[in-house]
Amino acid sequence: MRMLFSRGLRHLLALGLIGASWSVAQPAQALPESAVVDTLSNIPVFIVATPQGGYITNRLVREAEGDQPQQEVALLNVFFSGADAEAFLRQAQAENRTFADTAVVGWTELAALYQQAQAQTEVPLRLLFVPQVEEVAAATTVDADYAGGVPLFIPRFAADGSYVLIPIGNLNDGEPVVPVFFSQDDIEGALAALNEQDPELRSQIEVEVVSLENLIDQLRNTDDLNLTRLQLLPD
């Protein structure tokens, strides 16, 4: 995932649509855990739960390998569409799965699930992201390099691959951010609005697709402060 940011965009600034270039000196250490949590905050996700609100997980035993002992792992399906979670539960009920009769679909924030997965060590919690089928289909059409996972759609300049910076209301105290869309329809709507104001500018922008899984990995394992300017926008 290339973290290049736009440069020399005076005409965009004049429109009030796209912010100035931005870069910072990189620290020697990785980003703090709070940077991951902040990026994932306010993202609603859906899970199958008990009526009391407990997560319903699938317990698996991971076989011993090398120096790693045998370990039980809890797998939690995380849906990005309430309809997908409901469909999963209906299928489980049709198959007479033991948990299904009393299970319900609930929602929580992705950041909260991430924090719980990091804190739960006795029986590690693993989050299995379930992407929306229509967004996966859109991603394969938009970006030939998309290789699976929950697709995120990001506008960038075709000439150099630098990401577009946009001020979005009061988000990030009005500072320009890199918008990251969960829906192709949403990013196409934003680009259509831009096209009405400046068709030439719109022609310079393309859409890159990265996976949410890869983004989280980048946040956890790099010290690139540019990543903290990404603003995830749920549909």
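For the structure, check the block above.
Everything in this summary refers to the structure shown in the same document.

## A few points about a negative patch on the surface
A surface patch of negative charge is lined by Glu134, Asp185, Asp186, Glu188 and Asp235. Ranked by residues supplied to the negative patch, first place goes to helix 6 (residues 184-197) with 3 residues. Note on placement: Asp186 falls in helix 6.

## Overview of the environment of Leu152
Here Leu152 lies in strand 6 (residues 151-157). When the C-alpha positions of Leu152 and Ile187 are compared, they lie 9.9 Å apart, and in sequence the two are 35 residues distant. Among residues more than four places away in sequence, those in contact with Leu152 are Val180, Phe181, Phe182, Glu208, Val209, Val210, Ser211, Leu212 and Leu215.

## Things to note about the nonpolar core
Judged by nonpolar contacts, the single largest core of 37 residues is most densely connected at Leu40, Phe80, Leu110, Phe129, Phe182, Leu212 and Leu232. Setting aside anything within four residues of it in sequence, one finds Leu232 in contact with Thr39, Leu40, Ile43, Val180, Phe182, Leu212 and Leu215. Of all hydrophobic cores here, the second largest spans 15 residues; its members include Ala139, Leu191, Val209 and Leu233.

## Some words on the pattern of salt bridges
Scanning the entire structure with this criterion turns up 4 salt bridges. Residue Glu95 pairs with Arg97 through a salt bridge whose shortest N-O separation is 3.8 Å. Residue class for Glu95 comes out partly exposed when judged on its relative accessible area of 45%. Residue class for Arg97 comes out partly exposed when judged on its relative accessible area of 37%. Several salt bridges converge on common partners, so that one network encompasses Arg156, Glu206 and Glu208.

## Quick word on the packing of aromatic side chains
Summed over all chains, the structure comprises 3 aromatic pairs. When the ring of Phe80 is compared with that of Phe182, the centres are 5.9 Å apart and the planes differ by 25°; the resulting orientation is stacked. One end of the pair, Phe80, is in the loop between strand 3 (71-79) and helix 3 (82-94); the other, Phe182, is in the loop between strand 7 (178-181) and helix 6, and 102 residues separate them in sequence. Neither Phe80 nor Phe182 differs from the other in exposure class; each is buried.

## Considering the environment of Gln184
Tracing the backbone through its elements, the reader meets Gln184 in helix 6. Residue classification places Gln184 among the partly exposed positions, given a relative accessible area of 21%. Contacts of Gln184, omitting those with residues within four sequence positions, involve Glu135, Ala138, Val142 and Phe153.

## Some points on the side chain of Ser81
Considering the arrangement of structural elements, one finds Ser81 in the loop between strand 3 and helix 3. The class of Ser81 is buried, set by a relative accessible area of 12%. Residues contacting Ser81, with those up to four places away along its chain left out, are Phe46 and Gln132.

## Some details on the environment of Pro32
Turning to its location among the elements, Pro32 is positioned in the loop between helix 1 (10-15) and helix 2 (33-40). Considered as a pair, Pro32 and Arg220 are 188 residues apart in the sequence and their alpha carbons are 8.1 Å apart.

## Considerations on the packing of helix 2 against helix 8 (residues 212-221)
Across the interface, helix 2 lies against helix 8 with an axial gap of 9 Å and an inter-helix angle of 150°. Classified by the interaxial angle, the pair formed by helix 2 and helix 8 is roughly antiparallel. Counting all contacts with helix 2, which are made through Val36, Thr39 and Leu40, the residues of helix 8 involved are Leu212, Ile216, Leu219 and Arg220.

Parameters at a glance
- Residues numbered from 1 in each chain as written.
- Predicted model: local features only at pLDDT ≥ 70, side-chain atom pairs only at ≥ 80, totals over all residues.
- Heavy atoms only, no water.
- Patch = residues over 30% accessible without salt bridge, like charges linked within 9 Å, V, L, I, M, F, W, Y side chains within 5 Å.
- Areas by Shrake-Rupley, 256 points an atom, 1.4 Å probe, with all protein chains shown as cover.
- Salt bridge = Lys/Arg side-chain N within 4 Å of Asp/Glu carboxyl O.
- Lys, Arg positive; Asp, Glu negative; His and termini not counted.
- Charge placed at Lys NZ, Arg CZ, Asp CG, Glu CD.
- Helix = DSSP H or I, 4+ residues; strand = E, 2+ residues; numbered from the N terminus.
- Contact = heavy atoms within 4.5 Å.
- Core = buried A, V, L, I, M, F, W, Y, C linked by side-chain atoms within 4.5 Å.
- Buried < 20%, exposed > 50% of the residue type's maximum accessible area, 1.4 Å probe, protein only.
- Phe/Tyr/Trp six-rings, centres within 6.5 Å; stacked < 30°, edge-to-face > 60°.
- Axes fitted to C-alpha atoms, helices over the stretch in contact; angles between N-to-C directions.
- Parallel < 35°, antiparallel > 145°, perpendicular 65-115°, else oblique.

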